[in-house]
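# Coordinates in review
Okay, here's what each chain looks like letter by letter:
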Amino acid sequence: MKKFLSKIVFATVAVLSVAGFTSCNNVDDDPYVPTPVPTEIHTVTPSNNQDMTPAYGAVLSENILDMYDVTVVLHSGDKTKEVALTKANGQADVTRTSNGNMTYYEYVFAEIDGQKGISNAEVKVTPKADIKNVISAMPANEKFTMQHGGNMFKAKFGADGKFVGKLATHFTVLSGSYYPEELLKDNGNGTFGYDVVAETIQDCMF
């Protein structure tokens, strides 16, 4: 009987895992194929004796920040604030991918002008004006990996007021690998491959 119940639980978890993983990719011809983020990011589990605050968190690889402008509009009660996600205001770290080491940045927002708790957030991802030049400068025969993720979550903070843990323990971080020519491909409708990727990143950031 125990073996039977165990098999049912395992099957249920497997189905839910697949459903959760594919929910961000709802375009049939979307070239962006997300894969699980390397486990090196999943390294810290916060302790349970700290205050929890509704917050918005995001993870973006460095190359995304090189190619796209990413902004988030945060809401806390009657307060609203727009923030650009940049290398300067993110927490940098390094992870290993199939294409080598990659720098990524973490962002945590838990208050607006002293008012604690983020109630909602919207994200906008826009290709930079020079995105074609940035992509064209990459080695043509080498794939590169981009990683991103974001969502509302309950954040834990230490006595020093700093966020404790790694964001990838709170929401899914997706990754995709491309050759430069894939992003520069003209879709024939006024958009390019990098526009499709921008939409996919935006859809999975909240």
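Scroll up to find the structure.
Right, let's walk through the structure included here. (Residues numbered from 1 in each chain as written. Predicted model: local features only at pLDDT ≥ 70, side-chain atom pairs only at ≥ 80, totals over all residues. Heavy atoms only, no water.)

### Topic: the overall build of the chain
A count of helices and strands for the chain gives five helices and eleven strands. By residue count, 40% of the 206 residues in the chain fall in the buried class. In the chain, once contacts between residues fewer than 6 apart in sequence are set aside, the share between residues at least 24 apart is 77%. Taken as a whole, the chain presents about 11500 Å² of accessible surface, with 53% of it coming from carbon and sulfur. (Helix = DSSP H or I, 4+ residues; strand = E, 2+ residues; numbered from the N terminus. Buried < 20%, exposed > 50% of the residue type's maximum accessible area, 1.4 Å probe, protein only. Contact = heavy atoms within 4.5 Å. Areas by Shrake-Rupley, 256 points an atom, 1.4 Å probe, with all protein chains shown as cover.)

### Observations regarding the sheet that holds strand β9 (residues 120–127)
An order of β4-β3-β9 is seen for the three strands of this open sheet, with the pairing classed as antiparallel. What marks the edges here is a single partner per strand, and that holds for β4 (79–85) and β9. The average undirected angle you get between the axes of adjacent strands in this sheet is 15°. Pairing analysis gives eight bridges linking strand β3 (residues 68–76) to β9, with the strands arranged antiparallel. Paired with Leu 74 across the two strands is Ala 121, which belongs to β9. (Pairing = 2+ DSSP bridges. Axes fitted to C-alpha atoms, helices over the stretch in contact; angles between N-to-C directions.)

### Remarks on the nonpolar core
Counting residues in each nonpolar core, the largest one holds 33 residues, and the members touching the most others are Tyr 56, Met 67, Tyr 68, Val 72, Leu 74 and Leu 183. Contact partners of Leu 183, with chain neighbours within four places excluded, come to Met 67, Ile 135, Phe 144, Met 146, Tyr 178, Phe 192, Gly 193, Tyr 194 and Val 197. Counting residues in each nonpolar core, the second largest holds twelve residues, with Phe 153, Ala 155, Phe 163 and Phe 171 among its members. (Core = buried A, V, L, I, M, F, W, Y, C linked by side-chain atoms within 4.5 Å.)

### Let's talk about the packing of aromatic side chains
Going through the model one piece at a time under the given rule, you end up with five aromatic pairs. Note on Phe 144 and Tyr 178: the rings are 6.3 Å apart at their centroids and 50° apart in plane angle, and the pair reads as tilted. Pair noted here: Phe 144 is in strand β10 (residues 144–156) and Tyr 178 is in strand β11 (residues 174–178), with a separation of 34 residues, a long-range link. Aromatic side chains Phe 157 and Phe 163 sit 6.2 Å apart centroid to centroid with 70° between the ring planes, which places their arrangement in the edge-to-face category. (Phe/Tyr/Trp six-rings, centres within 6.5 Å; stacked < 30°, edge-to-face > 60°.)

### Notes on helix α5 (residues 193–203)
It helps to recall that an α-helix has 3.6 residues per turn; residues three or four apart then point in one direction. Counting buried positions over the eleven residues of α5 gives nine, a clear majority of the element. For α5, the set of buried residues is Gly 193, Tyr 194, Asp 195, Val 196, Val 197, Ala 198, Thr 200, Ile 201 and Gln 202.

### Regarding the pattern of salt bridges
Pairing of side chains with opposite charge becomes possible as their charged atoms draw close. As enumerated under the stated definition, the model contains four salt bridges in all. Notably, a salt bridge pairs Asp 69 with Lys 128, separated by 2.6 Å at the nearest N-O pair. Placement of Asp 69 in strand β3 and of Lys 128 in the loop between β9 and α3 (131–136) is noted, with a sequence separation of 59 residues between them. The exposure class of Asp 69 is partly exposed, given its relative accessible area of 37%. For Asp 93, the salt bridge is made with Lys 166, and the minimal N-O distance between the two is 2.3 Å. Residue Asp 93 is located in strand β5 (residues 91–97), and its partner Lys 166 is located in the loop between β10 and β11; the two are separated by 73 residues in the primary sequence. Judged by relative accessible area, Asp 93 falls into the partly exposed class, the value being 27%. Residue classification places Lys 166 among the buried residues on the basis of a relative accessible area of 15%. Here the salt bridges do not stand alone but share partners, grouping Glu 62, Asp 66 and Lys 87 into one network. (Salt bridge = Lys/Arg side-chain N within 4 Å of Asp/Glu carboxyl O.)

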